[in-house]
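Read off the chains here:
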Number of protein chains: 4
Amino acid sequence: MLYFASDYQESACEPILRRLLETAGEHLTAYGSDRFCASAQEKIRLACDAPKAEVRFLTGGTQTNQVAIDSLLKPWEGVVAVESGHVAAHEAGAIEWSGHKVLTLPAHDGKADANDLRAMLERWRGDANREHIVEPGMLYISHPTEDGTLYTRAELAALSEVCRAYGIPLYVDGARLAYGLAAYGADVTLPVLARYADAFYIGGTKCGALIGEALVFPNGNLPERFLSRVKQHGALLAKGWASGLQFDVLFTDGLYERLGAHAIEMAERLKAGLIARGCELFRDSPTNQQFIVADDALLQKLDGEVAYGFWENLPDGRTAIRFATNWATRPEDVDALLAFL
Amino acid sequence: MLYFASDYQESACEPILRRLLETAGEHLTAYGSDRFCASAQEKIRLACDAPKAEVRFLTGGTQTNQVAIDSLLKPWEGVVAVESGHVAAHEAGAIEWSGHKVLTLPAHDGKADANDLRAMLERWRGDANREHIVEPGMLYISHPTEDGTLYTRAELAALSEVCRAYGIPLYVDGARLAYGLAAYGADVTLPVLARYADAFYIGGTKCGALIGEALVFPNGNLPERFLSRVKQHGALLAKGWASGLQFDVLFTDGLYERLGAHAIEMAERLKAGLIARGCELFRDSPTNQQFIVADDALLQKLDGEVAYGFWENLPDGRTAIRFATNWATRPEDVDALLAFL
Amino acid sequence: MLYFASDYQESACEPILRRLLETAGEHLTAYGSDRFCASAQEKIRLACDAPKAEVRFLTGGTQTNQVAIDSLLKPWEGVVAVESGHVAAHEAGAIEWSGHKVLTLPAHDGKADANDLRAMLERWRGDANREHIVEPGMLYISHPTEDGTLYTRAELAALSEVCRAYGIPLYVDGARLAYGLAAYGADVTLPVLARYADAFYIGGTKCGALIGEALVFPNGNLPERFLSRVKQHGALLAKGWASGLQFDVLFTDGLYERLGAHAIEMAERLKAGLIARGCELFRDSPTNQQFIVADDALLQKLDGEVAYGFWENLPDGRTAIRFATNWATRPEDVDALLAFL
Amino acid sequence: MLYFASDYQESACEPILRRLLETAGEHLTAYGSDRFCASAQEKIRLACDAPKAEVRFLTGGTQTNQVAIDSLLKPWEGVVAVESGHVAAHEAGAIEWSGHKVLTLPAHDGKADANDLRAMLERWRGDANREHIVEPGMLYISHPTEDGTLYTRAELAALSEVCRAYGIPLYVDGARLAYGLAAYGADVTLPVLARYADAFYIGGTKCGALIGEALVFPNGNLPERFLSRVKQHGALLAKGWASGLQFDVLFTDGLYERLGAHAIEMAERLKAGLIARGCELFRDSPTNQQFIVADDALLQKLDGEVAYGFWENLPDGRTAIRFATNWATRPEDVDALLAFL
């Protein structure tokens, strides 16, 4: 079986697993007060060029989004996201369960558009009934998006400008951030994120870590009583050091960048091969997610041989499917997939 | 510094860390559908003598309690616990945040009493205003308790009998279960728990694991749509295998029992030494938590030399403090502590 | 000033106010256990031809929707509604605040389409990731809709058929039900509603009552512990008789029907006059809400003279506005409005 | 039957019912923007000697408490109340359902003690684990209490002093406020409440109104986006004028005071008669709630003849019961009750 179904179905990268083993016998203080967390926080501050940044470690994208959004919103506010955004579509209602509406914008290649956002905010402000309508209290975007696309620096700046003009925070879900940073031609870097976003998370689970995400408040804007809120959400780890350690390793000697770059190299190798073989791309993605159009014959051929992701049924009866590379994808597997197709 | 402050401030036991490292390069399916989870589930079913048991893996006691309680209760019901119960006292309101009241009973050495429970349930049933009073919908107990005490099998049976007579589930928080199972003279075993409880969790974080708790529904009584509810709580791990692996290791060749037994041996060694030195025990505990009465001179002496847990201020001006041993405590550290006192 | 802004800006109909006055000096039992509630419940059962119906009285549409939806859904489910549905658009997030997502369908003249619903339910069932997606747990529709349109009996039957095939309840928001029942050519009656819906409310606030809505569970399917859930929502009135009395009056001698019929007569008189005067209708509505297209000159003319409702800005720069008649609208005011235009 | 069971089982006072009838045919703007609300707000400001007070009208004690508490607390905070407080005991979990824990203090004759409160606040501040313990974010007291007792001005001042020293608001549930204001020797007036409380509500439902409570923020400290939060709770009335009107009537020509004084006169007449007849008082209450100790013979005698309130079973096998007078109690009924006993 060739595995291209997703980017969270590998173990963790070996340096993290080795470092974990080295802690055997160590005493480590609780709730993120340990030396690994401190070291990882400092390295992330440096990588983001954000000396005042507050960094906290959580486990899993849905948890991180729920905690971040609930902490950044006032109780009566909602979060704005595109319809295909993870919080809108694939979190089993975790945001609503915490009391907040997800207000949706149309997605443009998976991305939010600054004009759409401005129009929504203006519409709310200008509506005589606005007290009866959920107030848009923050913007959620994913980078890379769920569709494998990327914001440009200019697009991010435009969204940030609208958010700041209207006084709402911009939050970036970076579940696959390593792959966004490494994509060919991408101009959004960690310092760029730290400049334009009010909060973002650096994804670990999908990018080489065992389990863990690093939530960054780049301007030191940690929400009030954040630790208690994390606990209230059931998200506080006694052994917070286990998350901190992973990011300490990932942000040592450029490992996070290298893991991202590898996945992108594999994705580009795959894309080039797909094109060379005449495969129809469903969309042109610069990230680790590659999408093709498959007919039934191809689907049958793949069945039991290649693990891929179903994406959507197309009007012409064919199917869009996804091949995801990741930090651990082997070139020989890419070549085997291409040979198989 | 000698560390006796708590039982969650060590790394994980080496067999777990080694097994994690061995997964490097492996492909593992997501959300708990992997072979480690399957193996751990089967081993736990065997250990509990509960062939129909459903087992799920979560991370952290507060999260596990919140998910279990919210799933076992109907939306209008509350959970009954003693005043010193973790869900009542030290979870930052996580239960209330999920919409449920914690209804408290008096604690008898940290334990709930079956007669108190029956009286509460009768009072609710007999109250003409009961529709205006939160309905007691389940019982929460900790074993060992927060006070380091243990239920006997007879006490557990009595609580279970009341719960079943009134149709409410009995749920046991086993954050420190390894230490309860190993305590000298303890007669509550895993099969006993599985027989009397409707749900319980086997604590990993405080008992040798890296991070993780195993939530057991011994009669196959998994709450409806459990995976979606876990996700809604932000508690679903993509890499669920990482929790499953830990329990697979812990339940291989009696490791969980051995880790518990070691902590108890250290605790008994400590207790014997404390008594021999004429230390006043605050309470006689059979578990890994040992409590003594300290005057100010002793507190000053400990300061900076021994990490211990503050327990409570006593009426006579002295202080109750806690020394916790754990699966990793070294006998030489126990002896050093005794020599130091 | 001529008042056509809305249908909840009049006092209550005189028979209700008189009946309230007659209670002076009376002793009335609490929480809906009184004789007025009992009488109103019986009359509503008769009017709905639903002898097993359970009827409860609440205050206000948002409250009734929140309580009904939260009681009909399981905690992890969401409610399906069209984008323009009141629960989706104009309840300040009351549904999400109670923990549930509102899943939206496109609106066809304000109405939900059975095929759209079936497609959504099929999509959820067929999605391999459905455990990560909010489960559609019930359908919410408004009759009349927020756009002043009406379901036909056949449309209602088709929606009901889909709901029953998929095992989800159909709930109808009847905030303006009197006007829907009285509309010329309408074929949805109370017995029809009781047959096809699993729950619905008969609006009082907008239809002649002082304050109050009657929530009907036509098949005796009152949700478990309903009174406690109402209390938990802060929606239980000690003097529940005050709501029951209003519906007792409204359902005596056909008053509810007459109030509805009067508003429709006024609306048709207005519509005929508007057409005769060459006004452009924004949409052809059979209910008490009439919509026209207004240019800036007309808006300026209306300003300070006629209270109307803003509806939406049109692409051509003109504006859709709403004139609402109600149970209390005087024919001379309709004529004055027509003369003024 | 003689009715002394409670104070919310009468219709409303006739001036309110008459005034409601007089609105027949009137046009009244929505959501509390009407002239009745404006007039009532101004009269309440005057009565409270609080020119900056913000006043809002809600329906029912549980709703008012839920909205007030949820608006005054931050999401992670809890509300402090005595164990017998309405929010702790008899609101079906409405506070927890809105996400907040009720932290309980012992009740002293139904009242909170400033020293107990200070001790709780100090304990929280001084606890090294306070981030894991719900933060006491406000104080809730009832005046009169659920036990029919009253705070003195000095007690209120002492509680207020502690609250202000620790920066938490003091909120007073005045469900039966009219009876507290009128009690013989009571020194807590509306201006006193406005001076010491940060929010309080003036009860209507139990004090002569049809339905309605007036929530007062005496220092203009209306919580942010209050109207939207009220709507989110399902508590916003389109016909808010109906509540405003009632308080406009109650605060005209001292009606609220007179209604309270009447109930107290009846209660004192009853108490004097009870004492004269040698009845054993369960507690000496200065308010409209009078409590006696009854043996089984007396309970049997009352059965079917006198509606009274069950209070509690006493250790000696007898029963404490309550007779409640109210604004509508007739002297001849008091005399009949006394003659009957």
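Placed above this text is the structure.
Residues numbered from 1 in each chain as written. Chains lettered and ligands numbered in written order. Predicted model: local features only at pLDDT ≥ 70, side-chain atom pairs only at ≥ 80, totals over all residues. Heavy atoms only, no water.

A. Region of the structure containing the relation of the copies chain C and chain D. Of the transformation superimposing chain C on chain D, the axial component is 0.0 Å and the angular component is 180 degrees, with the fit at an RMSD of 0.0 Å. Look at the turn and shift together and you get a two-fold axis relating the two. (Least-squares fit on C-alpha atoms with pLDDT ≥ 70 in both.)

B. Just the side chain of Lys206(C), in detail. Residue and element names in this part refer to chain C. Mapped onto the elements of the fold, Lys-206 is located in the loop between strand 7 (199-203) and strand 8 (213-217). It is Asp-7 that comes nearest to the buried, bridge-free Lys-206 among opposite-charge side chains, at 4.8 Å. Apart from the residues within four sequence positions on either side, Lys-206 is in contact with Asp-7, Tyr-8, Ala-175, Arg-176, Tyr-179 and Trp-327. (Helix = DSSP H or I, 4+ residues; strand = E, 2+ residues; numbered from the N terminus. Buried < 20%, exposed > 50% of the residue type's maximum accessible area, 1.4 Å probe, protein only. Lys, Arg positive; Asp, Glu negative; His and termini not counted. Salt bridge = Lys/Arg side-chain N within 4 Å of Asp/Glu carboxyl O. Contact = heavy atoms within 4.5 Å.)

C. Geometry of the packing of helix 6 (residues 114-126) of chain C against helix 7 (residues 153-166) of chain C. Residues and elements named next belong to chain C. Closest axis-to-axis distance for the helix 6/helix 7 pair is 9 Å, and the angle between their directions is 15 degrees. In terms of their interaxial angle, helix 6 and helix 7 are classed as roughly parallel. Where helix 6 crosses over helix 7, the handedness of that crossing is right-handed. Counted together, Ala-114, Leu-117, Arg-118, Leu-121, Glu-122 and Arg-125 of helix 6 and Ala-158, Leu-159, Val-162, Cys-163, Ala-165 and Tyr-166 of helix 7 form the full contact between these two elements. (Axes fitted to C-alpha atoms, helices over the stretch in contact; angles between N-to-C directions. Parallel < 35°, antiparallel > 145°, perpendicular 65-115°, else oblique. Left-handed = near helix turned anticlockwise from the far one by under 90°.)

D. Spatial organisation of the sheet that holds strand 9 (residues 281-283) of chain D. All names here are of chain D. Reading across from one edge, 9-10-13-12 is the order of the four strands in this open sheet, with antiparallel pairing throughout. The open sheet has two free edges, formed respectively by strand 9 and strand 12 (309-313), since each of these has just one partner strand. In this sheet, adjacent strand axes meet at a mean angle of 35 degrees when their direction is disregarded. Note: strand 10 (residues 289-294) against strand 13 (residues 319-324), six bridges, orientation antiparallel. Bridging across to strand 13, Phe-291 finds its partner in Arg-322. Along the sheet, helix 12 (residues 255-276) makes contact with strand 9, strand 10 and strand 13, crossing strand 10 at roughly 20 degrees. (Pairing = 2+ DSSP bridges.)

E. Inspection of helix 12 (residues 255-276) of chain A at higher detail. The terminal C-alpha atoms of helix 12 of chain A lie 31 Å apart, and with 22 residues this matches the ideal 32 Å at 1.5 Å per residue to within 8%. Looking one or two residues beyond helix 12 of chain A, the residue adopting positive phi is Gly278(A), at roughly 80 degrees. (Expected span 1.5 Å × (residues − 1).)

F. Examining the relation of the copies chain C and chain B more closely. With an RMSD of 0.0 Å, the operation that places chain C on chain B is a rotation of 180 degrees combined with a shift of 0.0 Å along the axis. When the interface residues of chain C are mapped onto chain B, 100% of them again fall at the interface, so both copies present the same face.

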